[in-house]
Amino acid sequence: MEKLIITACLTGAEVTREVQPNLPISPEEIAEEAYKAWQAGASIAHVHARKPDGTPTQDIETYREIKKRIEEKCDIIFQPSTGGAVWHSKEERIQPVYLQPEMASLSTGTCNFGSDVFMNTEEYMETFAKIMQENGVKPEIEIFEKGMIDNAMRLVKKGLLSMPIHFDFVMGVPGAIPGEARDLMYLVSSIPSNCTWTVAGIGRYELPLAVMAIVMGGHVRVGFEDNIYYSKGVVAESNAQLVARIARIAKECGREIATPAEARKILNITK
Ligand code: KMH
Ligand code: ZN
């Protein structure tokens, strides 16, 4: 089995300091959190930027500063979000791709997102994929519902995405695909066998789905964007604490952890 890629989703767009006092917000805090997650075994940092007051922002200058600060500290793969917050415009969401990061997230379909709608029309997907191609950015395809896999494969047919795709199954968002074992089996059996996949379980789904991915040969995403707890009712101390637990479980299962250099090879990142 190939080594395990652990992604740390450090901040997200929805979590607040009220519910997670250890949430990194400033570029300095996000970079430090990425560094500690890297020390704990993460090879990708999935990043959402925030304004100083905590409001989510897709401002390119804020992302530029986060990228620079992370690169000064370690070689973790910087993966900015193009999902942003549900109320960000298409033009705002694509901004960090112009920094030409090695990767960026790309959602291939619209879904309910709690009481909101996370909008990704065909036009959004095609525009984002094209701009990523033009800027040499490897997309991580965010899957919130099974039909989004089919949408991604249509983008391959149109020449807007290259195989093999790297998928991230985001499971357990209220209003989208649940996070039960059968749901993960369904998604994994729905992608081409030469593609790679990560699972991001939301809330209480994070740990059981991560354990499944470790033994199935997938990869794992953990962090405050998806889950703020270490255990029931116990708020996690840091993103690194969540990463370290996954690294420990993987090692116990005989699955080695990928360094960022090894993750780049697994994901065919050639930059
Ligand atoms: N914040 C969500 C609405 C991504 O980063 O690409 C979308 C999201 C997906 O987080
Ligand atoms: Zn995200």
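Given the structure is predicted, the values throughout are model-derived calculations rather than measurements.

1. Concerning the sheet that holds strand 12 (residues 219-222)
Link 1 in the chain: Within the open sheet, the eight strands sit side by side as 5-2-1-12-11-10-9-6. Their pairing is parallel. One side of each edge strand has no neighbouring strand; the edge strands of this open sheet are strand 5 (77-80) and strand 6 (103-107). Neighbour to neighbour, the strand axes of the sheet diverge by 25° on average, direction disregarded.
Link 2 in the chain: Two strands pair when backbone bridges link them, and strand 10 (residues 166-171) and strand 11 (residues 196-201) are joined in this way by six bridges, in the parallel orientation. Within strand 11, the residue paired with F169 across the bridge is V199.
Link 3 in the chain: Of the strands in this sheet, strand 6 and strand 9 (138-143) touch helix 4 (residues 122-134), which is tilted by about 165° from strand 6.

2. A word on the coordination of the zinc ion (ligand 2)
Link 1 in the chain: Protein-derived ligands of the zinc ion (ligand 2) are H46 (NE2), H48 (NE2) and E225 (OE), with the metal-ligand distances lying across 2.1 to 2.2 Å.
Link 2 in the chain: Looking at H48, the relative accessible area reads 5%, which means it is buried.

3. Quick notes on the packing of helix 1 (residues 27-40) against helix 8 (residues 239-252)
Link 1 in the chain: Helix 8 packs onto helix 1 with a crossing angle of 15° between their chain directions and a minimal axis gap of 8 Å. What the angle tells us is that helix 1 and helix 8 run roughly parallel. Viewed along their axes, helix 1 and helix 8 form a crossing whose handedness is right-handed. Touching E33, K36, A37 and A40 of helix 1 are N239, A240, V243, A244 and A247, all from helix 8.
Link 2 in the chain: For the contact of helix 1 with helix 8, the class distribution of residues is six nonpolar, one polar and two charged.

4. Observations regarding the environment of I5
Link 1 in the chain: Looking at the secondary structure, you find I5 in the segment before strand 1 (6-9).
Link 2 in the chain: For I5, a relative accessible area of 1% gives the class buried.
Link 3 in the chain: Spatially, the C-alpha atoms of I5 and F144 are 20 Å apart, while their sequence positions differ by 139 residues.
Link 4 in the chain: If we skip the residues at most four places from it in the chain, I5 touches S43, I44, H219, V220, A258, A263, I266 and L267.

5. Brief notes about the site of ligand 1
Link 1 in the chain: Looking at ligand 1, there are 13 residues lining it, with E14, S81, G84, S105 and E225 nearest.
Link 2 in the chain: The side chain of S105 places a nitrogen or oxygen atom 2.6 Å from an oxygen atom of ligand 1.

6. Quick word on the pattern of salt bridges
Link 1 in the chain: Taken as a whole and judged by the stated rule, the model has 20 salt bridges.
Link 2 in the chain: One salt bridge in this structure joins K3 and E262, with 2.9 Å as the shortest N-O distance. Of the two residues, K3 is situated in the segment before strand 1 and E262 in helix 9 (residues 260-266); the sequence distance between them amounts to 259 residues.
Link 3 in the chain: The salt bridge involving R221 is made with D168; its shortest N-O contact spans 3.4 Å. Here the residue R221 occupies a position in strand 12, and D168 occupies one in strand 10, the gap between them amounting to 53 residues. Considered together, R221 and D168 belong to a single accessibility category, that of buried residues.

Parameters at a glance
Residues numbered from 1 in each chain as written. Chains lettered and ligands numbered in written order. Predicted model: local features only at pLDDT ≥ 70, side-chain atom pairs only at ≥ 80, totals over all residues. Heavy atoms only, no water. Pairing = 2+ DSSP bridges. Helix = DSSP H or I, 4+ residues; strand = E, 2+ residues; numbered from the N terminus. Axes fitted to C-alpha atoms, helices over the stretch in contact; angles between N-to-C directions. Contact = heavy atoms within 4.5 Å. Donors = N, O, S within 2.8 Å, 3.2 Å for Na, K, Ca; no water. Buried < 20%, exposed > 50% of the residue type's maximum accessible area, 1.4 Å probe, protein only. Parallel < 35°, antiparallel > 145°, perpendicular 65-115°, else oblique. Left-handed = near helix turned anticlockwise from the far one by under 90°. Nonpolar A, V, L, I, M, F, W, Y, C, P; charged D, E, K, R; others polar. Near = heavy atom within 4 Å. Polar contact = N/O pair within 3.5 Å; in protein donor to acceptor, adjacent residues only side chain to side chain. Salt bridge = Lys/Arg side-chain N within 4 Å of Asp/Glu carboxyl O.

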